[in-house]
Amino acid sequence: MKIPLLAACILLCTAQLGAQDAETDSNHAGYVPVLSGGIGYISNVSGGTSTLQPAIDPVLLLPLGRHVLGESRAEFVGIFQRRNGNGDYTGQVFSAVDYAQIDWLANTHVIVVAGKYITPFGLYSERLVPIWIATFQNVPLTYSIGTRTSGAGVGGQLRGVVLQTNKYSVQYAAYYSAHSNAYQWEAARTTGFDASVYFPAHRIEAGISYQRFLDPKQINSEAVYLSWQPPKIPLDTKAEYDHSYYGRGYWIQTTYTLSQVPVANSFFKRMELAGRLEQVFPLNGGGHGVPGIDTQRAGGALNYYLKDNLRIVSSYQRQFSSAKDVNVWNIGFTYRFVWPLWPGGK
Amino acid sequence: MKRRRSRYYGLIPVILVAAGLWFADMRVFARQNSGKQTTSSPSLSAENTEKTGEQVFMENCSRCHRPPMTISPRTTGTIVMHMRVRAKLSRQDERILLQYLAP
């Protein structure tokens, strides 16, 4: 009895996919499996300590028809430091599965996600973490609020567009994560949502995130964020305020692409200048990724795109805290790749 | 017998959700085929006129990253599916984007 019921469900879903396929069959897009992702090599100097950080973050995309997608991102990061401060570089490579999920793109309003997924909280975790996207190669001080340290959940998620007009669109994501201790699938019991409204004429997005952490201590985390790319200026401003039991803080980042420089435009249009200001204030002693003392960081970045997928990145930040003020330098390169894993396509 | 029946109760929400999504979407599909409405969902209102592919690209993809200069048509469908999940694109935007990137 159970098997026929499950079969009926699968049949319904298959019929749904078939109907949708017929609807979107007027282009030449191929749907082959893809290996994508980023490669980076960053030299970091923080407070006089030098660290070399090679990283490979492959993303595997396996389409099953046009409305079911299996996707996974792994992360291999090496952390190498000088032995005794001035000897040979030594260290180790860490690996992690950032996410491994199945997506069912049911319709505009509902995308069903199951598996290990990146926690949709604030602007950074889902969108700005990939090394080939990040303007600064270190995450903001408030990053662990709402994502803790793993930044992922194991369970289910619904996401999509609530409504969309030419003037605005409202998007959402809601999730539930179970507790898991399985290797590479570690997650805490959490539930939460993210909702944002986007105004395309002004290219302004405003959003909120909420998370109820249920495991073992029940705490709330909240975030409000804003993203703005004025249509006539190559400027990208993003800002976020986060709050939780362990701390509160904000970051604001502005990136300007020098594509409007009238001289040597082909050179300058590949260059971007960025600034980021961030502050975090611990509550209840901080912890779980939130610094234990008030910490501020301010700095700038200069990135240059040699090609659209290859860039040199550099940044300098000054970090202030009552314990110690330190300089944080980053210089290196990032490369984005997209490789089809199967011949064919239309 | 009661215990046996109760074992199947867990399947009821799954069936309802699947059937609900299927009927909701088939209704829209029927509307599109009859030419009464060009939007891909009842909530995508009539005032929502067709955008250009470049517009959709600049409004969605460029919020997070620079536009790639080249995308192989072989991988376009897969990449756009991935971005539909990540950027929560509507199906209408997905369709316009596919037409723009792999006409």
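Preceding this paragraph is the structure being described.
This structure is a prediction, so every number in the text was calculated from the model and none was measured.

Caption draft 1: Geometry of the environment of A:L302. Residue and element names in this part refer to chain A. Its place among the elements puts L302 in strand 14 (residues 295–307). Distance from L302 to M271, taken between C-alpha atoms, is 7.3 Å for residues 31 residues apart in sequence. Not counting residues up to four positions away in its chain, the partners in contact with L302 are L273 and S314.

Caption draft 2: Structural detail: the pairing of strand 2 (residues 49–63) of chain A. Residues and elements named next belong to chain A. For strand 1 (residues 34–46) and strand 2, the ladder comprises 13 bridges, and the chain directions are antiparallel. Counted as the bridge partner of G38 is D57 from strand 2. Between the end of strand 1 and the start of strand 2, which pair antiparallel, lie two residues, with G47 showing a positive phi angle near 60°. As paired elements, strand 2 and strand 3 (residues 68–82) share nine bridges and run antiparallel to each other. The residue bridging I56 from the neighbouring strand is F76, located in strand 3. Two successive antiparallel strands, strand 2 and strand 3, enclose a turn made up of four residues, where G65 displays a positive phi of approximately 75°.

Caption draft 3: The arrangement of the environment of A:K167 in detail. All names here are of chain A. By the element assignment, K167 lies in the loop between strand 6 (152–164) and strand 7 (169–177). The exposure class of K167 is exposed, given the 12 C-beta atoms found within 10 Å. The sequence separation of K167 and L235 amounts to 68 residues, and the corresponding C-alpha distance is 21 Å.

Caption draft 4: Up close: helix 4 (residues 73–86) of chain B. Residue and element names in this part refer to chain B. Taking 1.5 Å of rise per residue, the 14 residues of helix 4 would be expected to cover 20 Å, and the 20 Å separating its terminal C-alpha atoms lies within 8% of that figure. For helix 4, the tally of buried residues reaches 10 of 14 residues, placing the bulk of the element in the interior. Listed in full, the buried residues belonging to helix 4 are R74, T75, T76, G77, T78, I79, V80, M81, R84 and V85. The positive-phi residue at the C-terminal boundary of helix 4 is K88, with phi of around 55°.

Caption draft 5: Layout of the environment of B:V85. Note that B:V85 resides in helix 4. Excluding its chain neighbours within four sequence positions, the residues that come into contact with B:V85 are A:L69, A:D103, A:L105 and A:I111.

Thresholds, definitions, all that
- Residues numbered from 1 in each chain as written.
- Chains lettered and ligands numbered in written order.
- Predicted model: local features only at pLDDT ≥ 70, side-chain atom pairs only at ≥ 80, totals over all residues.
- Helix = DSSP H or I, 4+ residues; strand = E, 2+ residues; numbered from the N terminus.
- Contact = placed C-beta atoms within 7 Å.
- Pairing = 2+ DSSP bridges.
- Buried ≥ 20, exposed ≤ 12 C-beta atoms within 10 Å, placed from the backbone.
- Expected span 1.5 Å × (residues − 1).

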